[in-house]
Amino acid sequence: MSDDLPIRKIIHVDMDAFYASVEQLDNPDLKGKPVAVGGGGKRGVVSAASYEARKFGVKSAMAGNLAAKLCPEIIFVRPNFERYTKISKQIRAIFYDYTDLVEPLSLDEAYLDVTQNKKGNPSASLIAQEIRDRILNEVGLTASAGISINKFIAKIASDYNKPNGQKTVNPEEVLEFLEQLDIRKFYGVGKVTAEKMYQKGIFTGADLKQKTLEYLDDNFGKSGRYYYYIVRGIHNSEVKPDRIRKSLAAERTFSENLSSEVFMLEKLERIAEEVSRRLSKSNVAGKTITLKIKYSDFTLQTRSKTLPYFISDNNVILDTAKDLLYQERLNNSVRLLGISLSNLNTETKKKPEKKSVSVQLKFGF
């Protein structure tokens, strides 16, 4: 690593099978059994699966009927997001005992910058262990953690010793760690991109590192520059505690496919009400309304309209969504509808300037 690059101490904490683990915590009869949150019914989709279910190949976003085939003894439970949110707040309160630089990614994971921390502890690894111990003792759940010099590597590392483990990638280990890494493990390299890289002989970080910036730009567009730098351990994105929301959405999957726009209007009304409620709760408004349509053959279509003013009113959202629905004929019967609002007024608010950490830390991780 170059001596003039900022070296931070970043922890990525990732709860283990969070939704399913909360259900097992609340219902001891579920402990040690294959559990899927959501997924029940003919059209259900698995939101989360316990590790006992994952052994059978069950995973999130899988159709419930497929999960039941893979694991006949699986137990489906209805999601309780109010409960998950409450538990998440307890966990974040523990994070804030160590640093104010906490960037939540979702209810079950977050980045922490502990370069300078409230405990005065020079070891990010020991802090991560202490946080995981407290989550287990105070909340009753296990968490995994990754510790390294930036968010990118910390996130990869948190997946290494799951569940209930942690991995530290020290500054002097970063380049070797990235070079031996399977390209599929690189955060930001999806299934399609990984296949494309395989076709071009890129299987590991070492293979990726052999490619020039020009080659990656030519073959992977805007993402090429990102791949060029991350394989060299360069990722200077700071932990942002005031992370700005860029969109807000709600969607519904129907028990039966809908084939007529008329039958969809009632569904859209409820979805628009939910979007409006969430906007009000977050005290935000937006200009761009997007209608999401997933057809019975699972193909996805979106239709958007940008207004000249910020809106959060349920009626305006619904009227715009209706216009988008009638904009063109449907391709097939519909299994899901969603409405999202983006181009939010939060993006226009000037963020306070922060001093970045740009010091070479000499003490151990």
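Residues numbered from 1 in each chain as written. Predicted model: local features only at pLDDT ≥ 70, side-chain atom pairs only at ≥ 80, totals over all residues. Heavy atoms only, no water.

Caption draft 1: A look at the overall build of the protein. Scanning the protein for helices and strands turns up 13 helices and twelve strands. In terms of C-alpha radius of gyration, the protein reaches 23 Å, essentially the compact-globule figure of 21 Å for 365 residues. C-alpha atoms of the protein, sized along the principal axes, occupy 65 × 50 × 45 Å. Every one of the 365 residues in the protein was classed for burial, and the buried ones make up 44%. With an accessible surface of roughly 19100 Å², the protein has 47% of that area assigned to carbon and sulfur atoms. In the protein, 57 side chains carry a positive charge and 46 a negative one; their mean positions are 2 Å apart. (Helix = DSSP H or I, 4+ residues; strand = E, 2+ residues; numbered from the N terminus. Rg over C-alpha atoms; globule rule 2.2 N^0.38 Å. Buried < 20%, exposed > 50% of the residue type's maximum accessible area, 1.4 Å probe, protein only. Areas by Shrake-Rupley, 256 points an atom, 1.4 Å probe, with all protein chains shown as cover. Lys, Arg positive; Asp, Glu negative; His and termini not counted. Charge placed at Lys NZ, Arg CZ, Asp CG, Glu CD.)

Caption draft 2: A look at helix H4 (residues 81–96). With 16 residues, H4 extends 22 Å from end C-alpha to end C-alpha; this agrees with the ideal 22 Å at 1.5 Å per step. If you check which residues of H4 are buried, you get Tyr84, Ile87, Ser88, Ile91, Ile94 and Phe95. Projected onto a plane normal to the axis of H4, the buried residues spread over an arc of 110 degrees and lie on a single side. Facing away from the buried side of H4 by more than 90 degrees, the exposed set consists of Glu82, Lys86 and Lys89. Buried residues along H4 sit in contact with strand E1 (10–15), helix H1 (18–26), strand E2 (35–38), strand E5 (102–106), strand E6 (109–113) and helix H5 (124–139). (Expected span 1.5 Å × (residues − 1). Arc of directions from axis to C-beta. Contact = heavy atoms within 4.5 Å.)

Caption draft 3: Here's a closer look at the nonpolar core. Membership of the largest hydrophobic core comes to 58 residues, with the highest contact counts inside it found for Ile11, Phe18, Phe95, Leu112, Ile135, Phe186 and Leu208. Ranked by the residues each element gives to this core, the list is headed by H5, at six residues. In this structure, Phe18 is in contact with Tyr84, Ile87, Ser88, Ile91, Leu107, Asp108 and Leu141, ignoring residues within four places of it in sequence. (Core = buried A, V, L, I, M, F, W, Y, C linked by side-chain atoms within 4.5 Å.)

Caption draft 4: How the structure looks around the side chain of Ser333. Turning to its location among the elements, Ser333 is positioned in the loop between helix H13 (314–325) and strand E12 (334–344). Relative accessible area serves as the criterion here: at 16%, Ser333 is assigned to the buried category. Once residues lying within four places of it in the same chain are set aside, the contact partners of Ser333 are Asn257, Leu258, Ser259, Tyr295 and Ser296.

Caption draft 5: Highlighting the pattern of salt bridges. One pass over the full model with this rule turns up 15 salt bridges. Of the charged contacts in the structure, one is a salt bridge between Asp100 and Lys118, with a shortest N-O distance of 2.8 Å. Taken together, the residues span a long stretch of sequence, with Asp100 in the loop between H4 and E5 and Lys118 in the loop between E6 and H5 at a distance of 18 residues. When its relative accessible area of 49% is taken as the criterion, Asp100 is described as partly exposed. Residue Lys118 is classed as partly exposed on the basis of its relative accessible area of 46%. Bridged by salt links that share partners, the residues Asp14, Asp16 and Lys162 form one connected network. (Salt bridge = Lys/Arg side-chain N within 4 Å of Asp/Glu carboxyl O.)

Caption draft 6: The arrangement of the packing of H4 against H5 in detail. In the contact formed by H4 and H5, the axes pass within 10 Å of each other and the chain directions differ by 140 degrees. Overall, the two elements H4 and H5 adopt an arrangement that is oblique. Of the two possible hands of crossing, H4 and H5 adopt the one that is right-handed. Together, Ile87, Gln90, Ile91, Ile94 and Phe95 of H4 and Ile131, Arg134, Ile135, Glu138 and Val139 of H5 make up the contact between the two elements. (Axes fitted to C-alpha atoms, helices over the stretch in contact; angles between N-to-C directions. Parallel < 35°, antiparallel > 145°, perpendicular 65-115°, else oblique. Left-handed = near helix turned anticlockwise from the far one by under 90°.)

Caption draft 7: Quick peek at the environment of Lys267. Looking at the element boundaries, Lys267 is found in helix H12 (residues 261–282). The sequence separation of Lys267 and Met15 amounts to 252 residues, and the corresponding C-alpha distance is 34 Å. Apart from residues lying up to four places away in sequence, Lys267 is in contact with Phe254 and Leu258.

Caption draft 8: Main features of the layout of surface pockets. Considering only enclosed or pocket space, the second largest pocket measures out at about 830 Å³ in volume. Looking at the second largest pocket, it is lined by 26 residues, and the ones nearest its centre are Asp14, Arg54, Lys155, Asp159 and Lys162. Sorting the residues of the lining of the second largest pocket by element identifies E1, H1, strand E3 (46–49), helix H2 (51–54) and helix H6 (151–158) as the ones contributing at least two each. Tallied by class, the residues present in the lining of the second largest pocket amount to eleven nonpolar, four polar and eleven charged. (1 Å grid on protein atoms, 1.4 Å probe; cavity = no way out; pocket = protein on both sides within 12 Å on 5 of 7 lines; lining within 4 Å. Points joined across faces, edges and corners; volume = space filled by probe spheres on them. Nonpolar A, V, L, I, M, F, W, Y, C, P; charged D, E, K, R; others polar.)

Caption draft 9: Highlighting the sheet that holds E2. Reading across from one edge, E3-E2-E4 is the order of the three strands in this open sheet, with mixed pairing throughout. The open sheet terminates on both sides in strands that have one partner only, identified here as E3 and strand E4 (75–77). Direction aside, the axes of adjacent strands within the sheet are offset by 30 degrees on average. Judged from the three bridges that link them, E2 and E4 form a sheet pairing that is parallel. (Pairing = 2+ DSSP bridges.)

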